[in-house]
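The residues making up each chain are set out below.
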Amino acid sequence: DYLDNGNNKMAIQQADKLLKKHKDLHCAKVLKAIGLQRTGKQDEAFSLAQEVAVLEPTDDNSLQALTILYREMHRPELVTKLYEAAVKKVPSSEEYHSHLFMAYARVGEYKKMQQAGMALYKIVPKNPYYFWSVMSLVMQAISADDEKLSKTMFLPLAERMVEKMVKEEKIEAEAEVQLYFMILERLGKYMEALEVVRGQLGEKLTSELQSRENKCMALYKKLDRWPECNALSRKLLLKNPDDWQFYLSYFDSLFHVIDESWSPPEEGEHSVEGEVEATVAQAIRFVEDRICMEDGKGTRQLRGPYLARLELIQRLRHRSSPEEHQLGDPLELMFQYFVKFGDKPCCISDLKIYLDLLTPDQHVQFINRLMETVPLSTAVEGSVALPADTKALQRHLCVVQLARSLGLHHSMDTPHRLGLIDELKARYRHGLEFGKSCLKTELQYSDMYCLLAAHLYVDLWKETGEEWRLWQCLGLLEEGLTHSPSNAQFKLLLVLIFCGLGAFEPVVDLYSSLDAKHIQHDTIGYLLTRYAGSLGQFAAASQSCNFSLRFFHSNQKDTSEYIIQAYKYGAFEKIPEFIAFRNRLNRSLHFAQVRTERMLLDLFLEANILSSLEENVKSMGLCPEEEDIPWADMRDNRDLTVLTSWDPKDRQLSEEQRRLSLEEEALWLRIRSLTLRLAGSLAGLSHPVTPKNSEKASENGVASKPDTLRSLLKQLETALETGRAFTERKIQYPFLGPPSTRLSPALASGSCQCQASAFHLASDLHDLDTLGLEDTTEVQTRIGNSFKSLLAQLKEIFNKCKGDLLEVKDSRCKAMPALLENLVFFVETVCVVLWVSSYCGSVLRPLKSSIQKKKKKKKDASATTPAVFSGYQEYTAALQTLLSEVLDHVKGLEIALTALKLEGLTLEEHALSEDEQKFTKTVMEKVQSSYLRSLQEVGELLKKRADTMKSLKI
């Protein structure tokens, strides 16, 4: 009970009391171990658990408790050993055998699972156990590296095992038929699979609606049996004329049949599925018959047939087929569709796909015709004609969205756009009256007006560069959130704009209020983590990375549980899906990025000198020699269209831009990953070096530390070159598309180049350490030059940090987020430079003392000390001066920001209403507060690093 309530200390005390009375009570020992594990005493817990495990217990309580403990320790492989021993001692136990099977499932031991399943079936001949064994064979086939082996050994064996059950008429459950189907499909035996689905066994496929039909359809497509595919789609559409997937397969198959010049047989059925339609004329008649049926209904008409007509026109147009005119004029048909369904929110997404059927000169005419049908009140001069109910509002909203999708908003001049923004704001506020009874979790009917106005503000800012448009946009979205606190689109756009302005503080709360669930940490997490480390809010950045990492780490454990449940309930077809899902997440680009950034962030925050760098690298388990990012199989799981957009096609994110964005992300990740591994190899250099002339090239097949450092440095130089070439292409993504990485500003600031120079210095220092002072005149000269070069580069980065974060000119406010980003680059670079400087001190200190000893022995005070020592002292003194200068600059920025009075700033020529001014002032204060927070955190970290300068003296 104490463990269940989280009172672990009491649980340990109670277990100790029990153990005093019964010192060999296994269960009490394990429960104590669980308490120890949860209070962070992992080693004690493990040794206590092993005391019990060695005795190979067979009582259920001990086994269950040990299973829980090992799972919490992330050591599922130990559970298999437990139950292997238990099964040996109690070979007839169904329970222990099934636990053993599930233990193997957790660690993916498919061969042992197959054997365990068969052993279980021999003890208790139940069908599920037999099919567990069959499924484990299928899993061996899926996970085998050799596809030939899968096709010639594992799958045929699985097929024979199922056929044995079929012949003996022992097939009982739908899951068993599903598994048989899956095996045949993987073997490419589509005809046999079709016979199973259409035959007696197929009658068991009842858990999903139209399961048999869907499977038949998929098989017909694989077998290129288009006539059957056509006939089956037609048959299903006659039953349900609103099922969109069957319209698509009907049209696909129709054109395949036409292209193959198929003709019906002279006698008998067209196909096993019935009548086939093999001409465009028949398809037109079929679609129009469905529409006639809907027209005859009067109420509750289905959308499918009307959209099918537009789909058919689109496909005929792609084929340059003259028959498209028989279906009517697209403008007229879309107009009729709007009249029928314009009051439904889905009308916009339905029609958006077919807008390219209109010619450019029809765009304005189309919108005007739609507008005429929208029931609005008569407008008094100077006011806006407003809707009387939500249906009229929805119709008007649909027209505005269509107008934007056709590019009509983008072709307006600025005064007209400003007029439209005012109109949309008025409509938004009027529409709030209809949603007075809405719950907080519901969206307001008129929210989309607010979002459209925000998009127009963004357009104006992009085109004119006038930043106050963005401030207005932020104010409007903040107002929107007060009325509709659950609107995710408002929050996402706010996140994007705040981050663009360099304000991370308000973004953290916005993102957590989105309440991202499960896979969303991978698909939309990039919006947060892209800016997490770069805007100086290190604590929040650390927390943001943890959000995502928690999901990725728990995914491993969770997926094993899903697989076990799938075995228990016979959902065999889901098991390969779960495993593919797990692999996809393990290879996620976002996972690799967050893992790398989190480690770098920890090093920048925690490691001040070389010894603490070593400790941190060790505690992270960072191994610089090993590459842990799956570059070849990397998966980009980002959802790049998560923000609603009504932009016309030419302004939307293109496939080429998606590809470039992935290329850029991978490039930046490679630079960051190499920087992290270089920091790790730098930590490894500080161990006592091998004496002169005995540097081994490799020990036990692992390259020695300096070799690793040099090899990684070469890779970093190459990555920086590739990065430079990429940034020169000056690629721009749409505002609502993926954000650019830090690659371009990092290279422009010079921080990457400076960090690379620092690691080069470390390599030279290692040579000096290994070869001694006598034989390294050239190396010493290089080291002396590196000191000067590093200082010059750091000053150059600092010069790019100068200026005010919020510039006020003519009572207008302009944010300078690039300065903040450069300041963070400076801090990161200083951290790297200080690690190298600390290593430098650790190399020069013993060399200097040995020189002094020699001087004393020879009593020759006039012997010259090598210039490298004085060079180092000058360098550390100059570095200290530079850090003091930067700290003063940061303090100055803080003072200027605190003194800035935002109330007096005007935002535009015509005044905003009092409410609008209030919201705009709120967002400006949020940005100001965020900048201050960033400056404080940057200042604190720099101060800590400046304090370590004392330890660098030699």
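What counts and what doesn't
- Residues numbered from 1 in each chain as written.
- Predicted model: local features only at pLDDT ≥ 70, side-chain atom pairs only at ≥ 80, totals over all residues.
- Heavy atoms only, no water.
- Helix = DSSP H or I, 4+ residues; strand = E, 2+ residues; numbered from the N terminus.
- Buried < 20%, exposed > 50% of the residue type's maximum accessible area, 1.4 Å probe, protein only.
- Contact = heavy atoms within 4.5 Å.
- Salt bridge = Lys/Arg side-chain N within 4 Å of Asp/Glu carboxyl O.
- Core = buried A, V, L, I, M, F, W, Y, C linked by side-chain atoms within 4.5 Å.
- Expected span 1.5 Å × (residues − 1).
- Arc of directions from axis to C-beta.
- Phe/Tyr/Trp six-rings, centres within 6.5 Å; stacked < 30°, edge-to-face > 60°.
- Lys NZ or Arg CZ within 6 Å of the ring centre and 35° of its normal.
- Pairing = 2+ DSSP bridges.
- Disulfide = S-S within 2.5 Å.
- Lys, Arg positive; Asp, Glu negative; His and termini not counted.
- Polar contact = N/O pair within 3.5 Å; in protein donor to acceptor, adjacent residues only side chain to side chain.
- Axes fitted to C-alpha atoms, helices over the stretch in contact; angles between N-to-C directions.
- Parallel < 35°, antiparallel > 145°, perpendicular 65-115°, else oblique.
- Left-handed = near helix turned anticlockwise from the far one by under 90°.
- Nonpolar A, V, L, I, M, F, W, Y, C, P; charged D, E, K, R; others polar.
- pLDDT = per-residue confidence, 0-100.

1. A word on the overall build of the chain
Turning to step 1, where the next piece is worked out: A tally of regular secondary structure across the chain gives 39 helices and four strands.
Turning to step 2, where the next piece is worked out: Along the longest, intermediate and shortest principal axes, the C-alpha atoms of the chain span 115 × 90 × 60 Å.
Turning to step 3, where the next piece is worked out: Looking at the 954 residues of the chain, the share that counts as buried comes to 53%.
Turning to step 4, where the next piece is worked out: Long-range contacts, defined here as pairs at least 24 residues apart, represent 73% of the contacts in the chain between residues at least 6 apart.

2. A closer look at the pattern of salt bridges
Turning to step 1, where the next piece is worked out: Evaluated as defined, the whole model comprises 61 salt bridges.
Turning to step 2, where the next piece is worked out: The salt bridge partner of R404 is D647, with a shortest N-O separation of 3.1 Å. In this pair, R404 is assigned in helix α20 (residues 390–405) and D647 in the loop between α31 (610–620) and α32 (655–685), connecting sequence segments 243 residues apart.
Turning to step 3, where the next piece is worked out: Since its relative accessible area comes to 13%, D647 is described here as buried.
Turning to step 4, where the next piece is worked out: Here R729 ties to E663 by a salt bridge, and the two come within 3.7 Å at their closest N and O atoms. With a gap of 66 residues between them, R729 in the loop between α33 (705–727) and α34 (743–749) and E663 in helix α32 connect regions that are remote in the sequence.
Turning to step 5, where the next piece is worked out: Since its relative accessible area comes to 30%, E663 is described here as partly exposed.
Turning to step 6, where the next piece is worked out: What you see here is one network of salt bridges that share partners, running through K425, R429, E479 and E916.

3. A few points about the nonpolar core
Turning to step 1, where the next piece is worked out: Residues W471, L682, F826 and W835 are the most contacted members of the largest nonpolar core, which totals 160 residues.
Turning to step 2, where the next piece is worked out: Among the elements that line this core, the one with the most residues is helix α37 (residues 817–858), at 20 residues.
Turning to step 3, where the next piece is worked out: Ignoring anything within four residues of it in the chain, the contact list for L682 reads L610, L613, L709, F759, A762, W835, V836 and Y839.
Turning to step 4, where the next piece is worked out: L63, Y129, I563 and I575 belong to the second-largest nonpolar core, a separate cluster that totals 131 residues.

4. Brief notes about helix α1 (residues 8–21)
Turning to step 1, where the next piece is worked out: Look at α1: 21 Å from first C-alpha to last across 14 residues, which is about the 20 Å you get at 1.5 Å a residue.
Turning to step 2, where the next piece is worked out: Turning to α1, its buried residues are N8, A11, I12, A15 and L19. One side of α1 holds all its buried residues, which, seen down the axis, span an arc of 100 degrees. For α1, exposure combined with an orientation more than 90 degrees from the buried face picks out K9, K17, K20 and K21.
Turning to step 3, where the next piece is worked out: Considering only its buried residues, α1 is in contact with α2 (26–38).

5. Details of the packing of aromatic side chains
Turning to step 1, where the next piece is worked out: Taken as a whole, this structure holds 22 aromatic pairs when the rule is applied.
Turning to step 2, where the next piece is worked out: With 5.1 Å between their ring centres and 85 degrees between their planes, F101 and Y567 make a pair best called edge-to-face. With F101 in helix α6 (residues 94–107) and Y567 in helix α28 (residues 538–568), this pair connects stretches of sequence that are 466 residues apart.
Turning to step 3, where the next piece is worked out: With relative accessibility at 1%, the residue Y567 sits in the buried group.
Turning to step 4, where the next piece is worked out: With centroids separated by 5.7 Å and ring planes inclined at 65 degrees, the aromatic side chains of Y306 and F341 adopt a geometry described as edge-to-face. Here the residue Y306 occupies a position in helix α16 (residues 304–318), and F341 occupies one in helix α17 (residues 330–341), the gap between them amounting to 35 residues. F341 carries the same exposure label as Y306, and that label is buried.
Turning to step 5, where the next piece is worked out: Each member of the aromatic cluster is reached from another via a ring pair, and the members are F101, Y129, W132, Y567 and F572.
Turning to step 6, where the next piece is worked out: Just above the ring of F335 sits the side chain of R369; from NZ or CZ to the centre is 4.0 Å.
Turning to step 7, where the next piece is worked out: Its guanidinium or amino end placed over the ring of Y526, R638 lies 5.8 Å from that ring's centre, counting from NZ or CZ.

6. Side note on the pairing of strand β4 (residues 812–815)
Turning to step 1, where the next piece is worked out: Alternating positions in β4 separate cleanly, C813 and A815 being buried on one face and R812 and K814 remaining unburied on the opposite face.
Turning to step 2, where the next piece is worked out: Across four bridges, the pairing between strand β3 (residues 806–809) and β4 is antiparallel. When the bridges of β4 are listed, V808 appears paired with C813.

7. Comments concerning the environment of N799
Turning to step 1, where the next piece is worked out: Topologically, N799 is positioned in helix α36 (residues 777–799).
Turning to step 2, where the next piece is worked out: The class of N799 is partly exposed, set by a relative accessible area of 40%.
Turning to step 3, where the next piece is worked out: Residues N799 and S233 lie 566 residues apart in sequence; the distance between their C-alpha atoms is 68 Å.

8. Concerning the state of the cysteines
Defined simply, a disulfide is a covalent bond joining two cysteines at their sulfur atoms.
Turning to step 1, where the next piece is worked out: Across all of its chains, the model carries zero disulfides by this definition.
Turning to step 2, where the next piece is worked out: Here C545 is not disulfide-linked; the sulfur of C499 is the nearest cysteine sulfur, at 13 Å.

9. Some words on the side chain of R395
Turning to step 1, where the next piece is worked out: Within the element layout of this structure, R395 appears in helix α20.
Turning to step 2, where the next piece is worked out: Within the buried core, R395 has no salt-bridge partner, and the shortest N-O distance to an opposite charge, that of D343, equals 4.4 Å.
Turning to step 3, where the next piece is worked out: A distance of 2.8 Å separates the side chain of R395 from the backbone oxygen of V339, its partner in a polar contact.
Turning to step 4, where the next piece is worked out: When residues no more than four places from it in sequence are discounted, the contact partners of R395 are F338, V339, K340, G342, D343, V374 and P375.

10. Description of the packing of helix α8 (residues 127–143) against helix α9 (residues 147–167)
Turning to step 1, where the next piece is worked out: Remark: α8 packs on α9, axes separated minimally by 8 Å, with the N-to-C direction vectors making an angle of 165 degrees. Taken together, the axes of α8 and α9 lie roughly antiparallel to each other. Where α8 crosses over α9, the handedness of that crossing is left-handed. Side by side, α8 and α9 meet where N127, Y130, F131, S133, V134, L137, V138, Q140 and A141 of the first sit next to S150, F154, L155, L157, A158, M161, V162, K164 and M165 of the second.
Turning to step 2, where the next piece is worked out: For the contact of α8 with α9, a count of residues per class yields 13 nonpolar, four polar and one charged.

11. Observations regarding unusual backbone geometry
Turning to step 1, where the next piece is worked out: Located in the positive-phi region is E56, a residue other than glycine, with phi close to 50 degrees.
Turning to step 2, where the next piece is worked out: Positive phi, normally seen in glycine, also occurs at H518, with a value near 45 degrees.
Turning to step 3, where the next piece is worked out: Tracing the sequence through the fold places H518 in the loop between α25 (505–514) and α26 (520–523).

12. Focus on helix α5 (residues 76–89)
Turning to step 1, where the next piece is worked out: Look at α5: 21 Å from first C-alpha to last across 14 residues, which is about the 20 Å you get at 1.5 Å a residue.
Turning to step 2, where the next piece is worked out: Among all positions in α5, only L78, V79, T80, L82, Y83, A85, A86 and V87 are buried.
Turning to step 3, where the next piece is worked out: Check the buried side of α5 and you find it contacts α3 (42–54), α4 (60–72) and α6.

13. Focus on the side chain of D350
Turning to step 1, where the next piece is worked out: Within the secondary structure, D350 sits in helix α18 (residues 347–352).
Turning to step 2, where the next piece is worked out: Reaching out from D350, the side chain makes a polar contact with the side chain of R303 at a distance of 2.8 Å.
Turning to step 3, where the next piece is worked out: One polar contact links D350 to Y337, side chain to side chain, over a distance of 2.6 Å.
Turning to step 4, where the next piece is worked out: Setting aside chain neighbours within four positions, we find D350 in contact with R303, L307 and Y337.

14. Observations regarding the environment of E821
Turning to step 1, where the next piece is worked out: As for its placement among the helices and strands, E821 is situated in helix α37.
Turning to step 2, where the next piece is worked out: Overall, E821 belongs to the buried group, its relative accessible area being 11%.
Turning to step 3, where the next piece is worked out: Sequence separation between E821 and G533 is 288 residues, and the spatial gap between their C-alpha atoms is 9.3 Å.
Turning to step 4, where the next piece is worked out: Leave out the neighbours within four places in its chain, and E821 touches R530, S534, R742 and P745.

15. Here we look at the packing of α2 against α4
To characterise two packed helices, one gives the angle between the axes of the helices and the distance between these axes.
Turning to step 1, where the next piece is worked out: For the pair α2 and α4, the least separation of the axes is 9 Å and the interaxial angle reads 15 degrees. Classified by the angle their axes make, α2 and α4 are roughly parallel. The chirality of how α2 crosses α4 is left-handed. In this structure, α2 uses H26, C27, V30, L31, A33, I34, Q37 and R38 to contact α4, whose residues at the interface are N61, S62, A65, L66, I68, L69 and E72.
Turning to step 2, where the next piece is worked out: Residue composition of the contact of α2 with α4, by class: nine nonpolar, four polar and two charged.

16. Some points on the confidence of the model for the chain
Note that predicted coordinates carrying low pLDDT should not be read in detail.
Turning to step 1, where the next piece is worked out: For the chain, the average pLDDT comes to 90, and 96% of its residues sit at 70 or higher.
Turning to step 2, where the next piece is worked out: Within the model, the stretch residues 687–703 combines pLDDT values under 50 with 23 contacts to residues more than four positions away or in other chains.

17. As for the environment of S93
Turning to step 1, where the next piece is worked out: Assignment of secondary structure puts S93 in the loop between α5 and α6.
Turning to step 2, where the next piece is worked out: For the pair S93 and W244, spaced 151 residues apart in the sequence, the C-alpha separation amounts to 52 Å.

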